[in-house]
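Examining the three-dimensional arrangement
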Amino acid sequence: MRIAIAADHNGYALKVRLTSWLTAQGHTVDDRGSHSEDTVDYPPLCADVCRQVTEGHAERGIVLGGSGLGETVACNKIRGIRAGLCHDLWSTRISRGNNDSNVLVLAAKILAPEDAEDIVGTWLTTPFKGGVHARRLEQIAALEEESART
Ligand SMILES: O=P(O)(O)OC[C@H]1O[C@@H](O)[C@H](O)[C@@H]1O
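Residues numbered from 1 in each chain as written. Predicted model: local features only at pLDDT ≥ 70, side-chain atom pairs only at ≥ 80, totals over all residues. Heavy atoms only, no water.

Section: the pattern of salt bridges
Using the criterion set out here, one finds seven salt bridges in the structure. Notably, a salt bridge pairs D31 with K15, separated by 2.9 Å at the nearest N-O pair. Of the two residues, D31 sits in strand β2 (residues 28-31) while K15 sits in helix α1 (residues 12-24), which places them 16 residues apart along the sequence. Look at K15 and you get buried, because its relative accessible area is 1%. Overlapping salt bridges, with partners in common, bring together D30, R32 and D48 in one network. (Salt bridge = Lys/Arg side-chain N within 4 Å of Asp/Glu carboxyl O. Helix = DSSP H or I, 4+ residues; strand = E, 2+ residues; numbered from the N terminus. Buried < 20%, exposed > 50% of the residue type's maximum accessible area, 1.4 Å probe, protein only.)

Re the packing of aromatic side chains
Two measures describe an aromatic ring pair: the distance that separates the ring centres and the angle between the ring planes. Under the definition given, this model contains zero aromatic pairs. Across the ring face of W123, the terminal group of R60 is positioned such that the distance to the ring centre comes to 4.7 Å. (Phe/Tyr/Trp six-rings, centres within 6.5 Å; stacked < 30°, edge-to-face > 60°. Lys NZ or Arg CZ within 6 Å of the ring centre and 35° of its normal.)

Digging into unusual backbone geometry
In this structure, the amide linkage connecting G33 to the following residue, S34, adopts the cis form with an omega of -5°. With respect to the helices and strands, the residue S34 is situated in the loop between β2 and α2 (42-54). You will see that D100, though not glycine, has its phi angle at about 50°, which is positive. D100 gets classed as partly exposed once you look at its relative accessible area, which sits at 21%.

Notes on the site of the ligand
The ligand sits among D8, H9, N10, Y42, G65, G66, S67, G68, L69, G70 and E71. Here an oxygen atom of the ligand and a backbone polar atom of S67 are 3.1 Å apart. A distance of 3.0 Å separates an oxygen atom of the ligand from a polar backbone atom of G70. Here the ligand has 370 Å² of accessible area as a free molecule, and 62% of this is covered by the chains. Among the elements that take part in the shell around the ligand, helix α3 (residues 69-75) stands out by supplying three residues, more than any other. Per-class residue counts for the shell around the ligand are two nonpolar, seven polar and two charged. (Near = heavy atom within 4 Å. Polar contact = N/O pair within 3.5 Å; in protein donor to acceptor, adjacent residues only side chain to side chain. Areas by Shrake-Rupley, 256 points an atom, 1.4 Å probe, with all protein chains shown as cover. Nonpolar A, V, L, I, M, F, W, Y, C, P; charged D, E, K, R; others polar.)

Regarding the packing of α1 against helix α5 (residues 113-125)
α5 packs onto α1 with a crossing angle of 50° between their chain directions and a minimal axis gap of 11 Å. With respect to α5, the element α1 is oriented oblique. Handedness of the crossing formed by α1 with α5: right-handed. Together, L14, R17, L18, W21 and L22 of α1 and P113, E114, A116, E117, V120, G121 and L124 of α5 make up the contact between the two elements. Residue composition of the contact of α1 with α5, by class: eight nonpolar, one polar and three charged. (Axes fitted to C-alpha atoms, helices over the stretch in contact; angles between N-to-C directions. Parallel < 35°, antiparallel > 145°, perpendicular 65-115°, else oblique. Left-handed = near helix turned anticlockwise from the far one by under 90°. Contact = heavy atoms within 4.5 Å.)

Digging into the side chain of R60
When you line up the elements, R60 lands in strand β3 (residues 60-65). No salt bridge is formed by the buried R60; the nearest opposite charge belongs to D100, separated by 5.9 Å. A distance of 3.2 Å separates a polar side-chain atom of R60 from the backbone oxygen of W123. Setting aside chain neighbours within four positions, we find R60 in contact with M1, R2, I3, A4, V53, R96, S101, N102, W123 and L124. (Lys, Arg positive; Asp, Glu negative; His and termini not counted.)

What follows is the structure, encoded as structure tokens:
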């Protein structure tokens, strides 16, 4: 899978680790920055990863921050993005199965690196369930369109 990834200063070290892990798993990883632990603003990084996804350059996006909270807010401002902040495998399966998330947000200050790898692996392999959840995603998309018009 082609995956765009980005992190702010808090997520930089985890990004380095996950990029190696994903590459070893056979994925193609497009590292969109940042490239050090120097303090940076996360919203432009989030927007970049999300646009890689919405423009079709990447199938999925992964964004890493400290808590992941700001990143989740920022990513979900981009039309067509369904970003999920996942701290455990249960919510990861919900994020994919129910929400068809196309961006995964991880909290580098909360997760052990090996748990982050488990979450990413589960997120990449859990299919969307469709059915009632497809109807709800249509309702969310309608909210997005309505908000864009007003
Ligand atoms: O590290 P500072 O700049 O204090 O805060 C940035 C963090 O605030 C959170 O929303 C994000 O997860 C981001 O990583």
